[in-house]
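Residue-level listing of the chains:
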Amino acid sequence: MLSCQSFTSLNRMPMDKARALVLARQHLFAHWQGDLASLVSHLGALQLDAIQVISRAHHHQLYNRFKGYSEPALAQAEAKREIFEYWSHAAAYLPMASYPYARVRMDRIREGQRHWFEKNAKLCRFVLDRIRAEGPLKASDFVRAKGGWWQWSDEKKALEQLFHEGELMVSHRDGFQKVFDLPERLLPSHIPTQRASDQAYGRHLVRSFLGCQGLGRVEEIAYLRRGDGPLVKAAVAAMLSSGELELRQGELLLAGTDLDQLAPAPRKVRLLSPFDPVLLQRKRLNRLFDFDYQLECYLPAAKRRFGYFGLPILYGDRFVGVVDLKANRPKGRLELKALHWQAQPGPALKASFNKALADFARFHGLKEHTGV
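Residues numbered from 1 in each chain as written. Predicted model: local features only at pLDDT ≥ 70, side-chain atom pairs only at ≥ 80, totals over all residues. Heavy atoms only, no water.

Turning to the overall build of the protein chain, a few remarks are in order. Helix and strand content of the protein chain: 13 helices and 13 strands. Its C-alpha atoms give the protein chain a radius of gyration of 22 Å, near enough to 21 Å, the size a compact globule of 372 residues would have. Considering only C-alpha atoms, the protein chain reaches an extent of 65 × 60 × 40 Å along its principal axes. Among the 372 residues that make up the protein chain, the fraction classed as buried is 53%. Residue pairs in contact within the protein chain that sit at least 24 positions apart in sequence constitute 63% of those at least 6 positions apart. (Helix = DSSP H or I, 4+ residues; strand = E, 2+ residues; numbered from the N terminus. Rg over C-alpha atoms; globule rule 2.2 N^0.38 Å. Buried < 20%, exposed > 50% of the residue type's maximum accessible area, 1.4 Å probe, protein only. Contact = heavy atoms within 4.5 Å.)

What follows is the structure, encoded as structure tokens:
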């Protein structure tokens, strides 16, 4: 029986090669050359988040990878049913072709695995019947008493339960409110609706992770995926045996990955979203980039090192600092609230940072910014 410890080695992969592979597969410097839907497919999942200190996480991730990206493009891809909203390790946009793999989690929830709250079957039938009869509806179409994000109405809970079960899908968003409809009205006719087998699902998770992250370990592939660890472990064992995967110096890679042909990352600055795929796993980030980072908006102010919404500063293949920014929309200004360098920056780094800051402000329609 293979274990996580089976995929370690006393000989570690050189970190410069590991970082070069990760950054190449993440397309943070060489922009994605296909369309937006194919980029989401390559990433496997595009994480959503409600926080909008500057822009929402999904837009920020695409801005860094897709040249000329504009926010309406994501809604257009969803409207064309090239992508859909569901759950990966967290709320995310997924490529439409991955629907059979999403069905694995949907069926688990339908069969009794709890997500956030107990199911109210009677109320679920009520909201489902209304959508079946009336067409797409959102939570506010049901709400009798308004509440905040953590004060959901019973109807909203029912909608979310049906969404996680796969009985409803998100048609689109109105503002940031989900608009729900029946899957049979939204799924393209060519998309299989049957659930993928556990074996196919496990292989999908492995291929998807290594395809966009370059390398990794079993526990990283299964990160935040409840119940998926054994499937990932079994898939890795089978794929190593078949030659689909290689184990090099403690790291899993897709077979044929050529580390020697990778060009080093250019000495340019990228400001990353706290929800960027490169940053999501804190232990992995520390292991590969020697960078200790945590999103601190959920911490009490007194415990923050970097600020409420600090953005890591990537320069070439190293993280060189964190900048706490905020979009002041009424004043049309991108405000620099705090800046923390790992070490004193030289002129080239400062110039590249100021350019990245100016470009970032321009993307958000903010004409002013503060440089260093």
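This brings us to the pairing of strand β7 (residues 245-248). Sheet topology places β7 next to strand β8 (residues 251-254); four bridges connect them, and they run antiparallel. Each bridged residue has a counterpart across the sheet, and for Leu247 the counterpart in β8 is Leu252. Hairpin connection of β7 to β8: two residues between the antiparallel strands, including Gln249 at a positive phi of 50°. (Pairing = 2+ DSSP bridges.)

Another point: the nonpolar core. Ranked by internal contacts, the top residues of the largest apolar core, which has 48 residues, are Ile54, Leu271, Phe289, Phe319 and Leu325. For this core, the secondary structure elements donating two or more residues are α1 (15-26), α3 (57-63), β9 (269-271), α12 (282-289), β10 (310-315), β11 (318-328) and α13 (347-363). Apart from residues lying up to four places away in sequence, Leu325 is in contact with Val53, Ile54, Leu271, Phe309, Leu311, Leu334, Glu335, Leu336, Leu357 and Phe360. One finds Tyr86, Leu123, Leu137 and Val170 within the second-largest nonpolar core, a separate group that totals 29 residues. (Core = buried A, V, L, I, M, F, W, Y, C linked by side-chain atoms within 4.5 Å.)

Taken domain by domain, the protein chain comprises domain 1 (100-142 + 152-187), domain 2 (198-254) and domain 3 (269-369). Put simply, the middle of domain 1 and the middle of domain 3, counted by C-alpha atoms, are 36 Å apart. (Domains from an automatic or database assignment.)

Turning our eyes to something else, we now look at the sheet that holds strand β1 (residues 46-47). Pairing within the open sheet is antiparallel, and its three strands lie in the order β1-β3-β2. The open sheet is flanked by β1 and β2 (83-87), the only strands paired with a single partner. In this sheet, strand β3 (residues 91-95) lies alongside β1 in antiparallel orientation, the contact comprising two bridges. Within the sheet, the bridge partner assigned to Gln47 lies in β3 and is Ala92. Lying over the sheet, helix α5 (residues 99-110) contacts β2 and β3, oriented at roughly 25° with respect to β2. (Axes fitted to C-alpha atoms, helices over the stretch in contact; angles between N-to-C directions.)

Right, let's talk about the side chain of Thr257 for a bit. Relative to the helices and strands, Thr257 is located in the loop between β8 and β9. Separated by 2.6 Å, the side chain of Thr257 and the backbone oxygen of Leu254 make a polar contact. With near-sequence residues (within four places) excluded, Thr257 lies in contact with Leu21, Arg25 and Arg248. (Polar contact = N/O pair within 3.5 Å; in protein donor to acceptor, adjacent residues only side chain to side chain.)

What follows deals with the packing of aromatic side chains. Under the counting rule described, the total for this entry stands at 12 aromatic pairs. Consider the rings of Trp341 and Phe353, whose centres lie 5.3 Å apart with planes at 70°: the pair is edge-to-face. Pair noted here: Trp341 is in strand β12 (residues 333-341) and Phe353 is in helix α13, with a separation of 12 residues, a long-range link. By relative accessible area, Trp341 is classed as partly exposed at 22%. Judged by its relative accessible area of 0%, Phe353 is buried. (Phe/Tyr/Trp six-rings, centres within 6.5 Å; stacked < 30°, edge-to-face > 60°.)

To continue, consider α12. Of all the positions in α12, only Arg284, Leu285, Leu288 and Phe289 are classed as buried. Down the axis of α12, the smallest arc covering the buried residues is 100°, so these residues share one side. Where the residues of α12 are buried, they touch α1, α9 (198-213), α10 (218-221) and β11. At the C-terminal side of α12, Asp290 shows a positive phi close to 50°. (Arc of directions from axis to C-beta.)

Glancing now at the sheet that holds strand β6 (residues 177-181). The strands making up a sheet are joined through hydrogen bonds of the backbone, oriented either antiparallel or parallel. Spatially, β4-β6-β5 is the arrangement adopted by the three strands of the open sheet, whose pairing is antiparallel. For this open sheet the edge positions go to β4 (137-138) and β5 (169-174), each flanked by a neighbour on one side alone. Here two bridges tie β4 to β6, and the two strands are oriented antiparallel to one another. Of the residues in β6, the one forming a bridge with Leu137 is Phe180. In the packing of helix α7 (residues 154-165) onto the sheet, the strands contacted are β4, β5 and β6, and the crossing angle to β6 comes to about 60°.

Assignment of secondary structure puts His364 in the loop between α13 and β13 (368-369). A relative accessible area of 8% places His364 in the buried class. Here the side chain of His364 touches Ser55 through a polar contact of 3.0 Å, side chain to side chain. From its side chain, His364 meets the backbone oxygen of Phe360 in a polar contact 2.8 Å long. Sequence-distant contacts of His364, defined by excluding residues within four places in its chain, comprise Ile54, Ser55 and Arg329.

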